[in-house]
Amino acid sequence: MSGNKQEEDPRINGIKTKIRVVPDFPKKGIMFQDITTVLLDPKAFKDTIDLFVERYRDKNISVVAGIEARGFLFGPPIALAIGAKFVPLRKPKKLPGETIFEEYELEYGNDRLEMHVGAVEAGDRALVVDDLIATGGTLCAAINLLERVGAEVVECARVIELPELKGRQRLKGKPLCMLVEYR
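Conventions used here
Residues numbered from 1 in each chain as written. Predicted model: local features only at pLDDT ≥ 70, side-chain atom pairs only at ≥ 80, totals over all residues. Heavy atoms only, no water. Helix = DSSP H or I, 4+ residues; strand = E, 2+ residues; numbered from the N terminus. Polar contact = N/O pair within 3.5 Å; in protein donor to acceptor, adjacent residues only side chain to side chain. Contact = heavy atoms within 4.5 Å. Phe/Tyr/Trp six-rings, centres within 6.5 Å; stacked < 30°, edge-to-face > 60°. Lys NZ or Arg CZ within 6 Å of the ring centre and 35° of its normal. Pairing = 2+ DSSP bridges. Axes fitted to C-alpha atoms, helices over the stretch in contact; angles between N-to-C directions. Expected span 1.5 Å × (residues − 1). Buried < 20%, exposed > 50% of the residue type's maximum accessible area, 1.4 Å probe, protein only. Arc of directions from axis to C-beta. Right-handed = clockwise from strand over helix to strand, strands pointing away. Core = buried A, V, L, I, M, F, W, Y, C linked by side-chain atoms within 4.5 Å.

**Points about the side chain of D124**
With respect to the element layout, D124 can be found in the loop between β6 (109-116) and β7 (125-133). Within the local environment of D124, its side chain forms a polar contact with the side chain of K85, the two groups lying 3.3 Å apart. Discounting chain neighbours no more than four positions away, the residues touching D124 are S62, V63, K85, A119, A151 and E152.

**As for the packing of aromatic side chains**
Using the criterion set out here, one finds four aromatic pairs in the structure. Geometrically, the ring pair formed by F25 and F32 is edge-to-face, given 5.2 Å between the ring centres and 85 degrees between the ring planes. Judged by centre distance (6.0 Å) and plane angle (75 degrees), the rings of F45 and F74 are edge-to-face. Within this pair, whereas F45 is found in helix α3 (residues 42-56), its partner F74 is found in helix α4 (residues 71-82), the two being separated by 29 residues in sequence. The ring of Y182 has K16 sitting right over it, with the charged end atom 5.4 Å from the ring centre. Between R112 and the ring centre of F101, over which it is positioned, the NZ or CZ distance is 3.6 Å.

**Comments concerning the sheet that holds strand β3 (residues 63-67)**
Strand order in the open sheet formed by five strands is β4-β3-β7-β8-β9, and the pairing between neighbours is parallel. The sheet is open, and its two borders are formed by β4 (85-89) and β9 (176-181), each paired with just one other strand. Within the sheet, the average angular offset between the axes of one strand and its neighbour, ignoring direction, is 20 degrees. Alignment of β3 against β4, held across five bridges, turns out to be parallel.

**Concerning α4**
Counted at 1.5 Å a residue, the expected span for α4 with its twelve residues is 16 Å, and the 16 Å between its end C-alpha atoms agrees. Along α4, the residues classified as buried are G71, F74, G75, I78, A79 and I82. In an axial view of α4, the angular spread of the buried residues amounts to 125 degrees, which keeps them on one side of the axis. Residues of α4 that are buried make contact with α2 (36-39), α3, β3, β4, β7 and β8 (152-161).

**Here we look at the pairing of β8**
Burial within β8 is extensive, with nine of its ten residues counted as buried. Across eight bridges, the pairing between β7 and β8 is parallel. The residue bridging L127 from the neighbouring strand is E155, located in β8. At this point the chain moves from β7, through helix α5 (residues 137-148), to the parallel β8, and the crossover so formed is right-handed. By the bridge criterion, five bridges tie β8 to β9 in an arrangement that is parallel. Note on β9: the bridge partner recorded for R158 is M178.

**Quick look at the environment of M178**
Within the element layout of this structure, M178 appears in strand β9. Note: C-alpha distance between M178 and L132 (46 residues apart in sequence) is 8.3 Å.

**A short note on the nonpolar core**
Core analysis: the largest hydrophobic core is formed by 29 residues, its most contacted members being V64 and I78. Excluding residues that lie within four positions of it along the chain, V64 makes contacts with G75, I78, A79, I82, A84, K85, F86, V87, L127 and V129. Counting residues in hydrophobic clusters, the runner-up holds 25 residues, among them A65, C140, A151 and V153.

**Some points on the side chain of E68**
Mapped onto the fold, E68 is located in the loop between β3 and α4. Under the relative-accessibility criterion, E68 is labelled buried at 16%. Polar contacts involving the side chain of E68 include one to the side chain of R90, which spans 2.8 Å. When sequence neighbours within four positions are dropped, the list of residues in contact with E68 reads L89, R90, K91 and K94.

Written out as structure tokens, the structure is:
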């Protein structure tokens, strides 16, 4: 698992071989990293969850925040295994009840993440989970949202990093753990 350049676990290669690269999706020139093929392989999916659980089990994480939508696939099993609550960070107008939000810029406009008021409290130790980090805009919005309510973001966990898009540099020193790096 990278992040701290730990010695590579043999399970990571098995996960990497299950990630499908789809050229020109969702638009021409994009090499889409499809993790749905990891979900189709029970061993690769379990190994992915297990690697994150092993890393976070003893870090006193109280909340796992999953970014819509693929963070919802990895976040809940990690949260259950480490004894933390799971909080979904959603696109606008998807959550019932009172929410708070963080807006962020995309290369083609603006978007925002929303979270239920009271789902995360001051002093919570948070792990932010998603499938991939590219430019880092969504992840920065998630960090800002959690920190605004007083949570400490302990680390950000991703299955895939696209380092050429320099998303890690936008995290202002927040630790990032990823399993697979694509150049």
